[in-house]
Amino acid sequence: WKNMEKDNFNLFDNISLNEYDNYQFYINKQISNIIVKIIEKRLFLKMSQRELAKKTGVKQQMIDRIEKMESIPRLYTLIKILNALDLNIGLKDNF
């Protein structure tokens, strides 16, 4: 995890997709990058999933599913996890 690039899913950037699939891919890519940062920070802190669960009130099984990218967290859950790890996400104005 230590040597991962900022954008870990750039292998697929040159694939030609229709507009809808391109948008879905973009969203999944962003979510995946956030989850990778969550995992990196948790491991950096030497925190177990169980410890993160206790700190956030999110079940350990849910954290496991999120980290395996089997489940996309609700915004409220994501914010609880980010806060527990002292991480922030920002909004970018594309206008």
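Each remark here, short or long, concerns the structure printed above.
Attention here is on the structure that accompanies the text. Sequence order as written defines residue numbering, which begins from 1 separately in each chain. Confidence filtering applies because this is a predicted model: local features only for residues at pLDDT of at least 70, side-chain atom pairs given and counted only at 80 or more, and all residues used for totals across whole chains, interfaces and linings. Each side-chain value is derived from all of the structure's non-hydrogen atoms; neither hydrogens nor water enter the calculation.

**A closer look at the packing of helix H2 (residues 49-56) against helix H3 (residues 60-67)**
For helices, the fitted line uses only the C-alpha atoms of the stretch in contact; every axis is such a line through C-alpha atoms, and the angle between N-to-C directions lies from 0 to 180 degrees. Under the scheme used here, helices are H or I runs from DSSP no shorter than 4 residues and strands are E runs no shorter than 2 residues, and both carry numbers assigned from the N terminus. At their nearest, the axes of H2 and H3 sit 8 Å apart, and the two run at 115° to each other. Here H2 runs over H3; the crossing is right-handed. Together, Gln 49, Arg 50, Leu 52, Ala 53 and Thr 56 of H2 and Gln 60, Ile 63, Asp 64 and Glu 67 of H3 make up the contact between the two elements. Residue type decides the class: Asp, Glu, Lys and Arg count as charged, Ala, Val, Leu, Ile, Met, Phe, Trp, Tyr, Cys and Pro as nonpolar, and the leftover types, Gly among them, as polar. When grouped by side-chain class, the residues that make up the contact of H2 with H3 number three nonpolar, three polar and three charged. Put simply, a crossing is left-handed when the front helix is turned counterclockwise from the back one by less than a right angle, and right-handed when it is turned clockwise. Contact definition: two residues touch when any of their heavy atoms are within 4.5 Å.

**Regarding unusual backbone geometry**
The residue Lys 46 is not glycine, and still its phi comes out positive at about 55°. Its location among the elements puts Lys 46 in the loop between helix H1 (19-44) and H2. A residue is classified by how much of its surface remains accessible, and Lys 46, at 73% relative accessible area, is exposed. Even without a glycine there, the phi angle at Asp 86 is positive, about 55°. With respect to the secondary-structure elements, Asp 86 resides in the segment after helix H4 (75-84). Throughout this description, buried means an accessible area under 20% of the type-specific maximum (1.4 Å probe, protein chains only), exposed means over 50%, and partly exposed covers the range between. Overall, Asp 86 belongs to the exposed group, its relative accessible area being 62%.

**Here's the deal with the nonpolar core**
The set of buried Ala, Val, Leu, Ile, Met, Phe, Trp, Tyr and Cys residues whose side-chain atoms join them within 4.5 Å is what this entry labels a nonpolar core. In terms of nonpolar packing, the biggest core is built from 15 residues, with Ile 38, Leu 52, Ile 63, Ile 81, Leu 82, Leu 85 and Leu 87 touching the most fellow members. If you tally residues by element for this core, the top one is H4, at four residues. The residues touching Ile 81, leaving out its near neighbours within four places in the chain, are Ile 38, Leu 52, Thr 56, Ile 63 and Ile 66.

**Describing the pattern of salt bridges**
Side chains that differ in sign of charge can pair as their charged atoms come close. Each reported salt bridge corresponds to a side-chain nitrogen of Lys or Arg within 4 Å of a carboxyl oxygen of Asp or Glu. One pass over the full model with this rule turns up three salt bridges. In this structure, the salt-bridge partner of Arg 42 is Glu 67, at a minimum N-O distance of 2.7 Å. With a gap of 25 residues between them, Arg 42 in helix H1 and Glu 67 in helix H3 connect regions that are remote in the sequence. In this pair, the class of Arg 42 matches that of Glu 67, namely buried. Its salt-bridge partner being Lys 68, residue Asp 64 comes within 3.1 Å of it at the nearest N-O pair. Residue classification places Asp 64 among the partly exposed positions, given a relative accessible area of 21%.

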